[in-house]
Structures are given as C-alpha cells and as structure tokens.
Amino acid sequence: MTDRAWRPAGALAFLVVLAVFPQVFTNATVSTIAVDTLIFAAAAVAWNIFSGYTGYISLGHAVFFGAGAYTVGIAARAWHTNGDAVFVLLVPAAAVAGGLAVPLGLIALRVRRHTFVVITIAFFFIAQLTATNLSVTGGSSGILAPSPNWEAATFNDPFYYVALGLLVLVTAGSWLIRRSRFGLQLRAIRDDEDRAAGLGVRTMPVKLTAFVISAVVTGVAGGLWFFFIGQAIPQFAFDPLFDLSVVVMAFFGGLGTISGPVLGALVIEPAQQWLTLQYSNEYLSEILLGALFLLVIIGLPRGVIPTAAELVAKFRARRQAVPGAAAGDMAAGAAAGAADGDADGEEARAAREAAREAGR
Amino acid sequence: MGRQVYEAIVDGILGGGIYALMAVGLTLIFGVLDIINIAQGILVVLGAYLSYALSVHLHIDLFVGLLITVPAMFVIGVAIQWLFIRPLRGRERTSMSLLAAYAVALIIEGILYRLFGPTYVVLKASYVTSSVHLFGFYLPYIYLYGFALAVACVAALYLLLYRTRFGRSVRATMQNQTAARLVGIDVNRVAAVTFGIGVAVTAVGGMMFGATSGGFNPNSGYDLISRLLAIIILGGLGSIGGALAAAVFMTTAEALVDIWSPDWAVVVFYVALVLVLTLRPAGLFGRGPARAQ
C-alpha cells in the first residue's frame, strides 16, 4: 500500500526537520522550549511503552524521572564530573531507574486498574518524601548540576541533540516492541489479562519487562533534564505535574500508538511552557493548563492518531465502495488494512463497519 | 513514653474520624461511579477556604457556616460530575475520568492561588484555641466537636445508604449498574447525586482540616489526596466500613511514628499501604477479585 511506503519517508522528513531546527531557530527561549519538548516526548513515548501497551495507567513515572535526575546529580558531585562527561552519567541514571523499577513493579503489578494507579501515586509520594528527608539528596534545597563549560551562543545544542538521540532511540524501540511478539503479549494483557494468561502469556515477567524498559528511558530523560535545568529539588524532580503531563500527551496523540505520544508532546509541552512563561506569577497558567487538559480529555477521548486513521479509512472505504454491493467486502479489507498500522483492533473494527455501510 | 503513646493513640483516633469522613466520600464515589476522584484533596482545601472566607469576611461561626458550605460543595460536586465526568465514554473511561478529575484539581488549585495566595492560613475560633482537660491531658475542643460531627456525618451517610429508597438505588448501582438500570433506577441521577454527596462531605472535612492542621494553603491538596487514596485502598476500594477502619489505623500509626521521627511519620501511610497490598492485594476489607481488579 502507498500508505506503507509513505510512512518511513514521512518519519525521515520529520527527523530532518528536528535535526536542523536548532540551526534555524537560534533564539535561546525557543531552543530551551525545544529541548524540554524533546525530553518530554521521550518520556511520553517511554510511558506509552508500558502504560499505553498494557493498559496499566501509571501516575508515578516521576519516580523514575526524579531518580534519574538525582543519580546524575549525586554521581557528578561524587566523581567531580564536568562538561561533556556528565552525559556519560546518564548510564548510571538508567541503571538506577531500572533497578528501582524491579521491586516497585513486583509490588504494584500484582494489582490492577484503580489500585495500580493509586499504588503508583503512593510510590511517587514516598519518593518525594524520601528525597526531602535524606541528606544525600540535599533535603528540600536539592542538588546542583555541574555547570557546563560550552559556548553561550550554542549552549542548548548539546542538550538538544542528546535529547533528540534519546527520542529517536526510544521511538524506534517502541516501534520494534509494537511489532514484536513481546508487544503482542503486552496488548493481549491490555485487552484481557486473564485470557492472555490462559493462552500462555507469562503475564508478570512480560509486564515487568515493559515497566523496567519504560523506567530506564524515563530515568535517562530525568537525568538529562536535571543537567539541562541545572538543579533538582524534590518538588520539581518528583513533580505531580510531570505524571499528569506525560499521560495527557500520550492520550492526546493516541494511547498505545507509536507516533501519538511524540505528537502529544510536540503540541502540549510548548503550550505548557508558553503558558508558564506568560502567566507564571498570576497562577493563571495552572488554570489554563487544567482547561487545556480537560479539553484534550473530553474533546479527543481517543487521541488524534486513531481518530485520524479512522477518518482516512472511512473516506477510502466510501470511495472504493462506489461500484456496488459486491465491492463491500473488498472495501472492508482495504479499510481494515489502512487502519491497522497505527490504530488498533477497535479502529479496524470501526473502519470495517463503516466500509460495510458504504458497501450497502 | 507511655504517656506519649497514650496521647498519640487518642490523637490518632480523633484525627482518624476526620480523615474517615473525607475518605468515605471518596470511596462512595468510587463504588457508584467506578472512578477515583483525585480532586477530592483539593476539594477539601476548597471547603476549608469557603469556611475561612465566611468566618473572616462575614464573621460566621465555623460550624454554622457548614449550613452554607455543605450545600455549596454539593452543587460543585454535581456540576463537576455533570460537566467533566459524565461525557466520558469508551474503553478508557476509567483512566480518562481520573485525568479529568486531575485537571479539575489543577484548575481549582490555580483559582485558590489567585484568590488567596500561597500564604498559609488557619481557621480561628474560640474552640480551636481553648482546650479541655480530659483523661489527664489537654485537648482542644475542636477535636472533640470535630470527631462528634464526623461520627454524626458517617452515621447519617450510613442511614441514607441503608435505610432509604435512594440509598437502596445507590447500593444497587454499586453492585451492578446494568441490572440497576434494568429495574428502573435512574443511574445517571444516582451517579450525579452520589458525586455531590461525596464532595459535600469535604465541606465538613475541610472545615475540620483547616481548624486542626495548623495551617493550609492551596498546595495542601496533594498531601491530602495522597493520604486519602492510601486510606481507601487500604480499606478496600468501595468499602465504607473499611475506609473508617483504615483512616483510624493510619492516623494512629502516623501519630505513633511521629513520636520518634516527625520527618518520616508521613511515610508510614504509604509504607503501610505497600505492606498490606503485598500481603492482601484487595485491601483489608476488599471484596475480592471482582472489585480488586
């Protein structure tokens, strides 16, 4: 299908745009927002690998984000790391976040739905309190990042390209996982965990693996964010707004899709940053942000990508089904095929129904 | 030491009554609507600010003010349910409603910041500062009044749920929504009213929280909701008796740990939660797999 050939080309073009972006827009405010957006995009894709694919909604991924941030901070202080070398500390950040995810996952993944959500929130508060009360994390005054020594004019560029690299890696990972047997098992768990278990999916190890992968990437994103912002204090390293933002980004683009979280981050993070810059003293940004989130949740309940895929499928089905009733089956097949790339079974079913109607 | 423990237990039980009231609202909403109202924490703070505004600007007594704030919070609750929770449909309804409630919480927090600023305020009244000599130590009157009121409210909720026609339809909806609809219960109305009641109790809880917490600001909602969530999960989601028991258990445990380390006392909530769930995933009084899922 033309659709298939078109997709990698689109992704490549998009990547080129992202790669030249800091060369074109050299304004410091713009590039700061751009770096933030890329970091959040990576975190949203990582969140989606676990929550989007398995249906276990985690509202505690800030634990891994903050763990990554503090790991880079503590390691840099202990080993006197400076400049480019700090980026190497993203490796221990990944290890700590991943290591933390194993026991947390073993506890939380025993329960489902609401209970799971609440447990992840509890983890979040435990992490925040721990960071506030321990001396190694600097208590409530937090920990400072080593200030990088590179040039002021292109200061944001190294952060930008590392963040872009992370985003590309995690998106590629998300794509590979979705196509793999492992991804299929994850989505089987989302649709019906008991049946998946009955069909031989070893649910606990599968869920835990996704949880750990997701945590590792979130930890790296947190470490990078810390180095970029220059400071970590408990309220911002473990930020309840981080949890909410990442989830809304994934929902905006489409839960469980590959490009959805990226799209969501590209729209929501700049909007959020802009609101904060514009209205931070008035607390109006918080009200507007909440309103924006509500708008996304109520206005686009299934996300942009699945809704768009469905519209395209319907449109094609209608066009192809014109010759008569006999074409109905063919159109249904085509529509289902069109919908199956990024969208899911549900969308494919909707498209098939649309095709059947059109064929009548 | 023995005296401190004794005091901590009394503190815990009295404080637990207040948390129980707030948690019952949350668990009731869960039972009927199958959603976690994550805005409950900030709604408690909103209730506290309403009492604050009434007492500071109109010089209305805190307890008399409840006659205004309880209906006001009921209306706010019904409005939130009608506007933001009801329109949600489809497979992801549960998680969407959680996010919607979160967004509502964010909006309320922003509004409170704009109206009252970030400074901590306390609710003042003669019975907040004066104490009664009881069982060998001093206790502010507000704890006694508050505890009595909390018990009365929980009893009223119990009567409403178990002795009225409306209560029967609420319980029917909690058990099986489709079946409730089939026997002619207006499930939408039950959901809206339940949400309203669940939020209305935050007016009472908020007043008590504002008078006993030693100061609150718009940011206090996070701390509250995290405790309330821990309580209702520990008690078993949807179980009213469980919420009561868990509230008293948690606040007592916190007060006891507070004796040797105030910094870590709050963590007790979550550690207890994690420990209990490791042993009993459905919570202490959970209804087994059907609800625990």
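Draft legend 1. The arrangement of the overall build of chain B in detail. The secondary structure content of chain B amounts to 13 helices and 2 strands. Taken over C-alpha atoms, the radius of gyration comes to 19 Å for chain B, in line with the 19 Å a tight globule of 293 residues would show. A principal-axis box enclosing the C-alpha atoms of chain B has dimensions of 55 × 50 × 35 Å. Here chain B holds 293 residues, and 53% of them are scored as buried.

Draft legend 2. Region of interest: the overall build of chain A. Helix and strand counts for chain A come out as 16 helices and 2 strands. Considering chain A as a whole, with its 360 residues, one finds that 52% of them fall into the buried category. Taking as baseline every contact in chain A between residues at least 6 positions apart, the subset at least 24 positions apart corresponds to 76%.

Draft legend 3. How the structure looks around helix H9 (residues 203–229) of chain A. Residue and element names in this part refer to chain A. With 27 residues, H9 extends 38 Å from end C-alpha to end C-alpha; this agrees with the ideal 39 Å at 1.5 Å per step. Most of H9 sits out of view: 21 of its 27 residues are buried. Phi turns positive one or two residues past the end of H9, at Gly230, with a value near 95°.

Draft legend 4. Region of interest: the interface of chain B and chain A. Contact residues are listed per partner, giving 41 residues for chain B and 37 residues for chain A. Going through the elements one at a time, helix H4 (93–116), helix H10 (220–235) and helix H12 (262–279) of chain B are the ones with two or more residues in the side of chain B that touches chain A. It is H4 of chain B that contributes the most residues to the side of chain B that touches chain A, 16 residues altogether. Classifying every residue of the side of chain B that touches chain A gives 29 nonpolar, 7 polar and 5 charged.

Draft legend 5. Representation of the packing of helix H12 (residues 260–279) of chain A against helix H13 (residues 284–299) of chain A in the model. Residue and element names in this part refer to chain A. The contact between H12 and H13 brings their axes to 8 Å, and the two run at 155°. Compared by their axis directions, H12 and H13 come out roughly antiparallel. The two elements H12 and H13 cross, and the hand of that crossing is right-handed. Listed contacts from H13 to Ala271, Gln272, Leu275, Thr276, Gln278 and Tyr279 of H12 are Leu284, Ser285, Leu288, Leu289 and Leu292.

Draft legend 6. Summary view of unusual backbone geometry. All names here are of chain B. One non-glycine residue, Asp34, adopts positive backbone phi at about 60°. Within the secondary structure layout, Asp34 lies in the loop between helix H1 (2–33) and helix H2 (40–57). The class for Asp34 is partly exposed, based on 19 C-beta atoms found within 10 Å. The phi angle at His59 is positive, at roughly 55°, despite the residue not being glycine. Positionally, His59 belongs in the loop between H2 and helix H3 (62–85). Given 8 C-beta atoms within a 10 Å radius, His59 is considered exposed.

Draft legend 7. Fine view of the confidence of the model for chain B. All names here are of chain B. On average, residues of chain B carry a pLDDT of 82, and 94% of them reach 70 or more. Across chain B, the secondary-structure element scoring lowest on mean pLDDT is helix H13 (residues 289–292), at 37, and the one scoring highest is H2, at 91. Counted against residues more than four places away or in other chains, residues 288–293, with its pLDDT under 50, gives 12 contacts. For this predicted complex, the interface score ipTM comes out at 0.80, alongside a pTM of 0.81.

Draft legend 8. Highlighting the nonpolar core. All names here are of chain A. Ala42, Ala163 and Leu224 are the most contacted members of the largest nonpolar core, which totals 214 residues. For this core, the leading source of residues is helix H2 (residues 28–54), giving 16 residues. Inspection of this core shows a minimum of three residues originating in each of domain 1 (26–301) and domain 2 (305–359).

Draft legend 9. The packing of H1 of chain B against helix H11 (residues 240–260) of chain B, seen in detail. All names here are of chain B. The N-to-C vectors of H1 and H11 enclose an angle of 145°; their axes lie 6 Å apart at closest approach. Seen from above, H1 lies across H11 with right-handed handedness. For the contact of H1 with H11, the per-class residue count stands at 17 nonpolar, 7 polar and 3 charged.

Draft legend 10. Structural view of the environment of Leu244 of chain A. Residues and elements named next belong to chain A. If you trace the backbone, Leu244 turns up in helix H11 (residues 240–253). Judged by the 22 C-beta atoms lying within 10 Å of it, Leu244 is buried. Counting along the chain gives 49 residues from Leu244 to Phe293, while the straight-line C-alpha distance between them is 9.1 Å.

Draft legend 11. A look at the confidence of the model for chain A. All names here are of chain A. Residues of chain A with pLDDT of at least 70 account for 87%, and the chain-wide mean is 80. Mean pLDDT per element in chain A: helix H15 (residues 327–340) is the minimum at 45, and H9 is the maximum at 91. For residues 325–345, every residue scores under 50 in pLDDT, and the model assigns this stretch 59 contacts once sequence neighbours within four places are set aside. Within the model, pLDDT remains below 50 along residues 355–360, and this stretch shows 19 contacts once partners closer than five positions in the same chain are excluded.

Draft legend 12. Structural detail: the environment of Tyr127 of chain B. All names here are of chain B. Topologically, Tyr127 is positioned in helix H5 (residues 126–129). Classification of Tyr127 by C-beta neighbours within 10 Å gives partly exposed; the count is 18. Separated by 27 residues in the primary sequence, Tyr127 and Val154 place their C-alpha atoms 22 Å from one another. Not counting residues within four places of it along the chain, the set of residues in contact with Tyr127 comprises Tyr141, Ile142 and Tyr145.

Draft legend 13. Seen up close, the environment of Ser135 of chain A. Secondary-structure assignment places Ser135 of chain A in the loop between helix H5 (113–133) and strand E1 (143–144). A C-alpha to C-alpha distance of 44 Å links Ser135 of chain A and Arg302 of chain A, two positions 167 residues apart in sequence.

Rules behind the numbers
Each chain has its residues counted from 1, running along the sequence as written. Each chain takes a letter, starting from A, and each ligand takes a number, starting from 1, following the order in which they are written. For a predicted model such as this one, the threshold for reporting local features is a pLDDT of at least 70, and the threshold for listing and counting side-chain atom pairs is 80 or more; totals across whole chains, interfaces and linings nevertheless cover every residue. Numbering of helices and strands starts at the N terminus; helices are DSSP runs of H or I of at least 4 residues and strands are runs of E of at least 2. Atoms counted for the radius of gyration: C-alpha only. Globule rule: 2.2 Å times residue count to the power 0.38. With C-beta atoms placed from the backbone, the exposure class of a residue follows from how many other C-beta atoms lie within 10 Å of its own: 20 or more, buried; 12 or fewer, exposed; in between, partly exposed. We call two residues in contact when their backbone-placed C-beta atoms lie within 7 Å. Multiplying 1.5 Å by the residue count of a helix minus one yields the expected span of that helix. For this scheme, ten residues count as nonpolar: Ala, Val, Leu, Ile, Met, Phe, Trp, Tyr, Cys and Pro. Four count as charged, namely Asp, Glu, Lys and Arg, and the remainder, Gly too, count as polar. Only the stretch in contact is used when a helix axis is fitted, and all axes are lines through C-alpha atoms; the angle between N-to-C directions ranges over 0 to 180 degrees. The cut-offs work like this: below 35 degrees is roughly parallel, past 145 is roughly antiparallel, 65 to 115 is roughly perpendicular, and the gaps in between are oblique. Left-handed describes a crossing in which the near helix is turned anticlockwise from the far one by less than a right angle; the clockwise case is right-handed. Looking at any residue, its pLDDT shows the predictor's confidence there, from 0 to 100. For this analysis, nonpolar core means a set of buried Ala, Val, Leu, Ile, Met, Phe, Trp, Tyr and Cys residues linked through C-beta atoms within 7 Å. Residue ranges labeled as domains rest on an automatic or database domain assignment.

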